[in-house]
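# Topology and contacts: notes
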Amino acid sequence: MRLSKKTYSVKPSPTLAIDAKAKSLKASGVDVISFGVGEPDFDTPENIKEAAIKAIRSGFTKYTPVGGTDELKTAIIEKLKKDNGLIYEKNEIIVSCGAKHCLYNIAEALYDAGDEVILPAPYWVSYPDQIVLNGAAPVMVKTEEGNSFKIKPEILEANLSKKTKALILNSPSNPTGLAYDRKSLEAIAEIAVKHDFYIISDEIYEKLIYDGFEHVSIASLGDEIKQRTLVVNGISKSYAMTGWRIGFAAGPKDIINAMTNIQSQSTSNPTSISQKAAVEALTGTQDFISKMVSEFDKRRKYMVERLNNIKGVSCIKPVGAFYAFPNVSSYYGRSFKGNSIKSSMDLSTYLLDEAKVAVVPGAAFGDDRYIRLSYATSMENIQKGLDRIESALSNLK
Ligand SMILES: *Cc1c(COP(=O)(O)O)cnc(C)c1O
């Protein structure tokens, strides 16, 4: 059978692939420690679950408006105002089946063949494929640890062309855990306004921040940049609700309208029950988040310190999300039982096979010098996993 041409350009999500391999080893009885996961290891809070159960019992189980209920849009509008100082109307909001689905709707609504989308690397794994699936070309621009993995204004400008349609920003970032400060965002906003391209601002880790870091939404820096920004956010990460599939986007009403039309021909509305749960997440008690963040914070400090104590490994301290992103490239060129380690993929495979620890190779995020470790797992696992990594790395000669 011949599949459509575009299916040959899309890869399965590599983070999910590593996780699947680790899970299948685990299922066959092997004691694997997984640092591959991209979701909180906390349970969804009770008050949110109760809201969903109530929705089912009261028969709130039918189609809703395609782009989300008025009730949920109102809760999102309130959230954007309170947390981000952003003012939107209902026709500037869409609710989709996860933030990933919002990003996909944006790609469908904005890109034409020949368009270029600036993608600072390291990037989240789904961005390049969403761009390519919609006929556009990612322009990957490497960022450096020394600049906290932020794209420099002069480098951004040097990569613009007449075809530049958008820049994707992800702050706080998956995989680096780094984030953009206000000043850096102002410089980027100025360039976007001057050259008239869109900013797709993925803020899904907004609430998972440490050391008093202040999250700023680039859309809040002025009217001109707000008109060119699509703010993408959701409840998956902040409220431990990855399986509920609710994300949202806010932006100019013509784009939101196009996204809603596209959604009406694919998924229709996101699940009615999950929308009720999302209302409770956004409007109910927020105590859960600070508890989760303080637990993540302990793990973050421990993991980063341990990594930096391993000879030849360096890890910048993340200020957000739940990932550490150490540079392990000093191990490339070494070998184990005659097998040479040449890349992040080789090293990740070695760690899974020999240390029974799952990590994600940096190549999946566009920088082969690194690996990603998630600390969304118990302290006990983190301790044990890092012991294993330390000893496995010392066996590389
Ligand atoms: C997890 C994640 C998403 C997707 O979130 P969902 O709401 O579960 O679809 C989007 N962007 C980044 C950077 C993520 O890590």
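Parameters at a glance
Residues numbered from 1 in each chain as written. Predicted model: local features only at pLDDT ≥ 70, side-chain atom pairs only at ≥ 80, totals over all residues. Heavy atoms only, no water. Helix = DSSP H or I, 4+ residues; strand = E, 2+ residues; numbered from the N terminus. Rg over C-alpha atoms; globule rule 2.2 N^0.38 Å. Buried < 20%, exposed > 50% of the residue type's maximum accessible area, 1.4 Å probe, protein only. Polar contact = N/O pair within 3.5 Å; in protein donor to acceptor, adjacent residues only side chain to side chain. Pairing = 2+ DSSP bridges. Axes fitted to C-alpha atoms, helices over the stretch in contact; angles between N-to-C directions. Salt bridge = Lys/Arg side-chain N within 4 Å of Asp/Glu carboxyl O. Parallel < 35°, antiparallel > 145°, perpendicular 65-115°, else oblique. Contact = heavy atoms within 4.5 Å. Nonpolar A, V, L, I, M, F, W, Y, C, P; charged D, E, K, R; others polar. Near = heavy atom within 4 Å. Domains from an automatic or database assignment. Buried area = accessible area lost by both parts, 1.4 Å probe. Core = buried A, V, L, I, M, F, W, Y, C linked by side-chain atoms within 4.5 Å. Expected span 1.5 Å × (residues − 1). Left-handed = near helix turned anticlockwise from the far one by under 90°.

What follows deals with the overall build of the protein. Looking only at helices and strands, one finds 13 helices and 14 strands in the protein. Here the C-alpha atoms of the protein give a radius of gyration of 21 Å, agreeing with the 21 Å that 2.2 N^0.38 yields for 397 residues. Overall, the C-alpha framework of the protein stretches about 60 × 55 × 55 Å when taken along its three principal axes. Counting all 397 residues of the protein, 55% fall into the buried class.

Mapped onto the fold, Ser 274 is located in helix α10 (residues 272-283). A distance of 2.9 Å separates a polar side-chain atom of Ser 274 from the backbone oxygen of Trp 244.

Taken in spatial order, the 7 strands make up an open sheet running β2-β8-β7-β6-β5-β3-β4, and their pairing is mixed. Edge positions in the sheet fall to β2 (93-96) and β4 (137-142), since each of these pairs with one other strand and no more. Taken over all neighbouring pairs, the strand axes of this sheet differ in orientation by 20° on average, direction set aside. Bridge analysis of strand β5 (residues 164-170) against strand β6 (residues 198-202) gives 5 bridges, and the strand direction is parallel.

What follows concerns the pattern of salt bridges. Scanning the model with the defined rule gives 23 salt bridges in all. With a closest N to O distance of 2.9 Å, Lys 150 and Asp 181 form a salt bridge. In this pair, Lys 150 sits in the loop between β4 and α6 (153-158) while Asp 181 sits in the loop between β5 and α7 (182-195), placing the two residues 31 residues apart along the sequence. What makes Lys 150 buried here is its relative accessible area of 14%. Its relative accessible area of 25% is what places Asp 181 among the partly exposed residues. Bridged by salt links that share partners, the residues Lys 79, Lys 82, Asp 83, Glu 206 and Lys 207 form one connected network.

This part covers the pairing of β2. For a regular strand, side chains alternate in direction, first toward one face of the sheet and then toward the other. Burial of β2 is two-sided: the residues Ile 93 and Val 95 facing one way and the residues Ile 94 and Ser 96 facing the other way are all buried. With 4 bridges connecting them, β2 and strand β8 (residues 247-250) associate as antiparallel partners. Paired with Val 95 across the strands is Phe 248, a residue of β8.

Let us now look at the packing of helix α11 (residues 287-308) against helix α13 (residues 379-394). At a minimum axis distance of 11 Å, the contact between α11 and α13 shows a crossing angle of 10°. Of the possible angle classes, the one that applies to α11 and α13 is roughly parallel. Between α11 and α13, the residues in contact are Lys 298, Arg 299, Tyr 302, Met 303, Arg 306 and Leu 307 and Met 379, Ile 382, Gln 383, Leu 386, Asp 387 and Glu 390, respectively. When its residues are assigned to classes, the contact of α11 with α13 shows 6 nonpolar, 1 polar and 5 charged.

Along the chain, Phe 197 turns up in the loop between α7 and β6. Residues Phe 197 and Ala 187, spaced 10 residues apart in sequence, show a C-alpha to C-alpha distance of 14 Å.

The next thing to look at is the site of the ligand. Around the ligand, the structure places 13 residues, and the nearest of them are Ala 99, Asp 202, Tyr 205, Lys 237 and Arg 245. In the model, an oxygen atom of the ligand is placed 2.9 Å from a nitrogen or oxygen of the Asn 174 side chain. Tyr 205 has a polar side-chain atom sitting 2.7 Å from an oxygen atom of the ligand. Residues of the shell around the ligand, tallied by class, amount to 5 nonpolar, 4 polar and 4 charged.

Next up on the list: the domain arrangement of the protein. Along its sequence, the protein is carved into domain 1 (5-43 + 288-394) and domain 2 (46-283). A separation of 26 Å is found between the C-alpha centroids of domain 1 and domain 2. With 38 residues of domain 1 at the interface, the matching set in domain 2 holds 35 residues. Counting each side, the surface lost to burial between domain 1 and domain 2 is near 3200 Å², with a carbon and sulfur contribution of 61%. By the criterion of area lost to domain 2, the three top residues of domain 1 are Ile 316, Val 319 and Phe 365, representing 20% of everything that side buries. The tally of links between domain 1 and domain 2 comes to 3 salt bridges. One salt bridge in this structure joins Glu 144 and Arg 369, with 3.3 Å as the shortest N-O distance. Where domain 1 touches domain 2, the interface holds 14 residue pairs in polar contact (both at pLDDT 80 or more).

One finds Tyr 111, Leu 347 and Ile 389 to be the most contacted residues of the largest nonpolar core, which totals 103 residues. Here this core gets 8 residues from one element, more than from any other, and that element is α11. Mapped onto the domain boundaries, this core takes at least three residues apiece from domain 1 (5-43 + 288-394) and domain 2 (46-283). Setting aside residues up to four positions removed in sequence, Ile 389 forms contacts with Phe 35, Ile 310, Leu 351, Val 357, Val 359 and Leu 373.

This brings us to α13. The end-to-end C-alpha distance of α13, which contains 16 residues, comes to 23 Å, matching closely the 22 Å that a straight helix rising 1.5 Å per residue would cover. Residues of α13 that are buried in the fold lie against β1 (33-34), α11, α12 (344-355), β12 (357-358) and β14 (371-374).

Axes are the key here: two packed helices are described by the angle between their axes and the distance separating the axes. Where helix α2 (residues 46-57) meets α10, the axes come as close as 8 Å, and the angle between the chain directions of the two elements is 145°. As for how α2 packs across α10, the hand of that crossing is right-handed. Contacts between α2 and α10 involve Asn 47, Ile 48, Ala 51, Ala 52, Ala 55 and Ile 56 from the first element and Ile 273, Lys 276, Ala 277, Glu 280 and Ala 281 from the second. A breakdown of the residues in the contact of α2 with α10 according to their chemical character gives 8 nonpolar, 1 polar and 2 charged.

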